[in-house]
Amino acid sequence: MLSSNARTRQLNGTCASSVDMELFLHYSLIPSLFIILVLSLLQRREHHRQRDDASYLLGNRFRMIIPLDFVGTFRNRWSYGVAFGATANKVMFLFSEGYQPLQVPQWAQAFVLLIGGIEVGLSHFPFFACLSSEFRLVSSILGFSYSLIWFAVTILHITQCPHGQFVGKYETVMFYWPSLLCLAFLLGRFLYMFVKSLRVHLGWELQMEEKPFLEAHQAEHVKQLLRKCPLQEREKSWFQTRIYEWDPYFQFPSRMIGTTVLAFICLYLFIVIEFCMFVYVRDELDVFEGELESYVASMNQTGTLTPVLLQVKELINVTKGVWVVTILPASLTCVSYLFHILACYRKQMKRLWAGDKHFLPLKFHNPSSSESVVAIARYSGWQIAYILWGYLIIHVMQSLCGLVIMYSLVLPVIHSQALEMLRGLGIGILTISIVLGLMVLQVWIAASFFLQPKMGTADKQKPLALNNRRAFHNFNYFLFFYNVLLGLGACLSRLLISCILGTWLIARIDRTILQSGCERADMGFSAWIGMLYVDHYHTNPVLVSFCHILITGHRERRLQQAIKYWYLNQSAGPRTSVRSRTRWLLLQTLINNPGLVTLRKSRPGHGSQDFTQILLM
């Protein structure tokens, strides 16, 4: 009799869904291109020139639309993040290289994957374009309709074949519920946009202001820098002190939020796929174990291979248990990395804003501009790939550590070999302790006998000046031969520590695992640095505030030129000349900063020297 789970797998093996998601991806390009065309026609070109070709029929219409600003978008961040999350299943489809629309040679697979990435991007382009479009009423209708199509097709695919061949019941639901949740959120978001824009169109509400050049948090950051006396900090909670402290003057761009959301969903899908593969391998191993048991039973446990087969069976059982147990710590490690990368992004961006580059390797103090532009395009995709591959590598490493613990500590106790295990463990600990003790002893002897006394009572350590040179040379001679053997163990420990740290930090794209001087060989770290520089040059609050002041001043001057005759119709009143206002501001600046008075250049005939003498009195 088959179990219920096995029957479910068998039934779903013959399940044929009427919806082919890969085929639907191809057909979704038709409404996607239609939406892109409509939104492009609604856009107006700022600079229009009369041309002789057929494009003059469009007038100043038809302008290229963008899905989202990958550098300076701080509004609707979570909506963009959820839109990225809706693409998770297709991203994992590309990651597994399951997209094969064309039969090409092996060397041309990169072009096929590029075509697949472009197709996935086009099929999900309307989500982002409708969120970022200025024509809220039309874009909300188009976005809602397109999201509803994807939601309905996904629901139909799940309801027809909800079970799978690996996990069993509700396997398809496990794969598609994150995308369904994201699509449902987008439906609600577009519905809210429609109601809001309709009320504005009917005159029931005022039109919201366009995207400001200077965001509110950037202005608050600059105000905080200009305050003479910083605000008193409130008492921090345990969470803010130990884990994470919120900064009201800093916001992550939409790119970082979208990358994090998509990385979370892709990590979940990757774990589900890994577990499905584990179930498949486990079933095959169960069949293999049954054959081993049949062979041992036929030999009445007297065959020469019986002990080896029993050890193989034990290894299989231990490996399966360790692999399942280490899923949780490996996944939690990668999840903590995602949060930690966000914290490092904020910390390093603030240091770059302050002009501090000491945390960067010297080779990255002046990166190439072209490489930085390419880096911001690479970062999001590479971050997700690093997290997924990092999870797999960390899982394998933790499983190997689990096997070592099982065979060194747990299995000896199960097999009534606890005393032998403790004896071997004690000898190993004693050996390592003696080696470390001899190393510490060398340092103590050097500090006690071979260094001159401190030059002052406030010195923390003795100066690097030799004392007792004859004894020192004999000390070096006799320890030379011992340190050769000790260096072998130090070399092996270096290799072991490098392997452990390298595999443990492989998912961290924000730091390199290579040695100093070889950082450029780490392409992921190079992409991280390039992305930081692009954000630093384009979203620095001080620079953006300065540009905002220039733009505002330019607009005010143009406005004054346009209405320069307006004052003729006004009653006479007090006026202030530009020169008087400038001198007043200069006086106020010099009073607040007396040190600048002596640095002023005196120009004869302008009274600046007499003005400086008055301030110095």
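Fair warning: this is a prediction, and the values are worked out from it, not measured in the lab.

**Q** Quick rundown of the overall build of the protein chain? Include the residues and the values.
**A** Along the backbone of the protein chain there are 20 helices and zero strands. Taken over 617 residues, the protein chain has a buried fraction of 34%. In the protein chain, once contacts between residues fewer than 6 apart in sequence are set aside, the share between residues at least 24 apart is 74%. Within the structure as shown, the protein chain displays about 40,300 Å² of accessible surface, and the carbon and sulfur contribution to it stands at 66%.

**Q** Outline the packing of helix 3 (residues 29–42) against helix 7 (residues 136–160), listing residues and values.
**A** Two elements in contact, helix 3 and helix 7, have axes separated by 11 Å at closest approach and are oriented at 175 degrees. Accordingly, the angle class assigned to the pair helix 3 and helix 7 is roughly antiparallel. In this structure, helix 3 contributes Pro31, Ser32, Ile35, Val38, Leu39 and Leu42 to the contact, and helix 7 contributes Val138, Ser139, Leu142 and Tyr146. Its residues placed into classes, the contact of helix 3 with helix 7 shows eight nonpolar, two polar and no charged.

**Q** Can you tell me about the side chain of Asp247, naming the residues and giving the values?
**A** Its place among the elements puts Asp247 in the loop between helix 10 (238–242) and helix 11 (254–298). You can call Asp247 buried: its relative accessible area is 18%. Beyond its immediate chain neighbours, meaning those up to four positions away, Asp247 contacts Arg346 and Lys350.

**Q** Could you give me a rundown of a nonpolar patch on the surface, with the residues and numbers involved?
**A** Taken together, Ile405, Leu409, Val410, Ile414, Leu419, Leu422, Leu425 and Ile429 make up a surface patch of nonpolar side chains, about 730 Å² in accessible area. Elements with a contribution of two residues or more to the nonpolar patch: helix 14 (369–414) and helix 15 (418–449).

**Q** Residues and numbers for the packing of aromatic side chains, please.
**A** Overall, the coordinates contain 21 aromatic pairs when judged by the stated rule. On the numbers, 5.3 Å between centres and 85 degrees between planes, the contact of Phe250 with Phe252 is edge-to-face. Across this residue pair, the class does not change: Phe250 and Phe252 are buried. Ring centres of Trp444 and Phe449 lie 6.0 Å apart, and the angle between their planes is 85 degrees; this geometry places the pair in the edge-to-face category. Taking relative accessible area as the criterion, Phe449 reaches 42% and is therefore assigned partly exposed. Three or more aromatic residues link up through ring pairs in this structure, and these residues are Phe250, Phe252, Tyr345, Trp353, Tyr379 and Trp528. When the ring centre of Phe364 is taken as origin, the NZ or CZ atom of Arg520, which lies over that ring, is 5.0 Å away.

**Q** Residue-level account of the nonpolar core, with values.
**A** Tyr345 and Trp528 are the most contacted members of the largest nonpolar core, which has 84 residues in total. By residue number, the principal contributor to this core is helix 11, which donates 13 residues. With residues near it in sequence (within four places) discarded, Tyr345 still touches Phe250, Phe252, Pro253, Arg255, Met256, Trp528, Met531, Leu532 and Asp535.

**Q** Go over helix 4 (residues 77–85), please, and point to the residues and values.
**A** The element helix 4 is extensively covered by neighbouring structure, given that eight of its nine residues are classed as buried. Every buried residue of helix 4 is listed here: Arg77, Ser79, Tyr80, Gly81, Val82, Ala83, Phe84 and Gly85.

**Q** Tell me about helix 13 (residues 327–353), and please be specific about residues and values.
**A** Taking 1.5 Å per residue as the helical rise, helix 13 with its 27 residues ought to reach 39 Å, and the 39 Å between its terminal C-alpha atoms agrees with that figure. Immediately downstream of helix 13, the backbone of Gly355 shows phi near 85 degrees, a positive value.

**Q** Account for the side chain of Ser133, naming residues and giving values.
**A** Mapping Ser133 onto the fold places it in the loop between helix 6 (109–132) and helix 7. Given a relative accessible area of 6%, Ser133 falls into the buried group. A polar contact is formed between the side chain of Ser133 and the backbone nitrogen of Phe135, at a distance of 3.3 Å. The residues contacting Ser133, other than those within four sequence positions of it, are Leu39, Gln43 and Ser139.

**Q** Explain unusual backbone geometry to me, using residue names and the numbers behind them.
**A** In the Ramachandran plot, Ser416 falls in the positive-phi region, its phi being about 60 degrees despite a non-glycine side chain. On the secondary structure map, Ser416 appears in the loop between helix 14 and helix 15. We classify Ser416 as exposed; its relative accessible area is 68%. Non-glycine residue Asn468 carries a positive phi angle of around 55 degrees. Among the secondary structure elements, Asn468 is positioned in the loop between helix 15 and helix 16 (469–504).

**Q** Which residues make up the pattern of salt bridges, and what are the values?
**A** Using the criterion set out here, one finds eight salt bridges in the structure. A salt bridge links Lys320 to Glu289; the nearest nitrogen and oxygen atoms lie 3.4 Å apart. With Lys320 in helix 12 (residues 306–325) and Glu289 in helix 11, this pair connects stretches of sequence that are 31 residues apart. By the burial criterion, Lys320 is buried, and Glu289 matches it. Each member of the salt-bridge network shares a partner with another, and the members are Asp286, Glu289 and Lys320.

**Q** Give me the lowdown on the confidence of the model for the protein chain, citing residues and values where you can.
**A** In this model, the protein chain carries a mean pLDDT of 81, and residues with pLDDT of at least 70 account for 83%. The low-confidence segment residues 565–573, where pLDDT is below 50, has one contact with residues more than four positions distant or belonging to other chains.

Rules behind the numbers
Residues numbered from 1 in each chain as written. Predicted model: local features only at pLDDT ≥ 70, side-chain atom pairs only at ≥ 80, totals over all residues. Heavy atoms only, no water. Helix = DSSP H or I, 4+ residues; strand = E, 2+ residues; numbered from the N terminus. Buried < 20%, exposed > 50% of the residue type's maximum accessible area, 1.4 Å probe, protein only. Contact = heavy atoms within 4.5 Å. Areas by Shrake-Rupley, 256 points an atom, 1.4 Å probe, with all protein chains shown as cover. Axes fitted to C-alpha atoms, helices over the stretch in contact; angles between N-to-C directions. Parallel < 35°, antiparallel > 145°, perpendicular 65-115°, else oblique. Nonpolar A, V, L, I, M, F, W, Y, C, P; charged D, E, K, R; others polar. Patch = residues over 30% accessible without salt bridge, like charges linked within 9 Å, V, L, I, M, F, W, Y side chains within 5 Å. Salt bridge = Lys/Arg side-chain N within 4 Å of Asp/Glu carboxyl O. Phe/Tyr/Trp six-rings, centres within 6.5 Å; stacked < 30°, edge-to-face > 60°. Lys NZ or Arg CZ within 6 Å of the ring centre and 35° of its normal. Core = buried A, V, L, I, M, F, W, Y, C linked by side-chain atoms within 4.5 Å. Expected span 1.5 Å × (residues − 1). Polar contact = N/O pair within 3.5 Å; in protein donor to acceptor, adjacent residues only side chain to side chain. pLDDT = per-residue confidence, 0-100.

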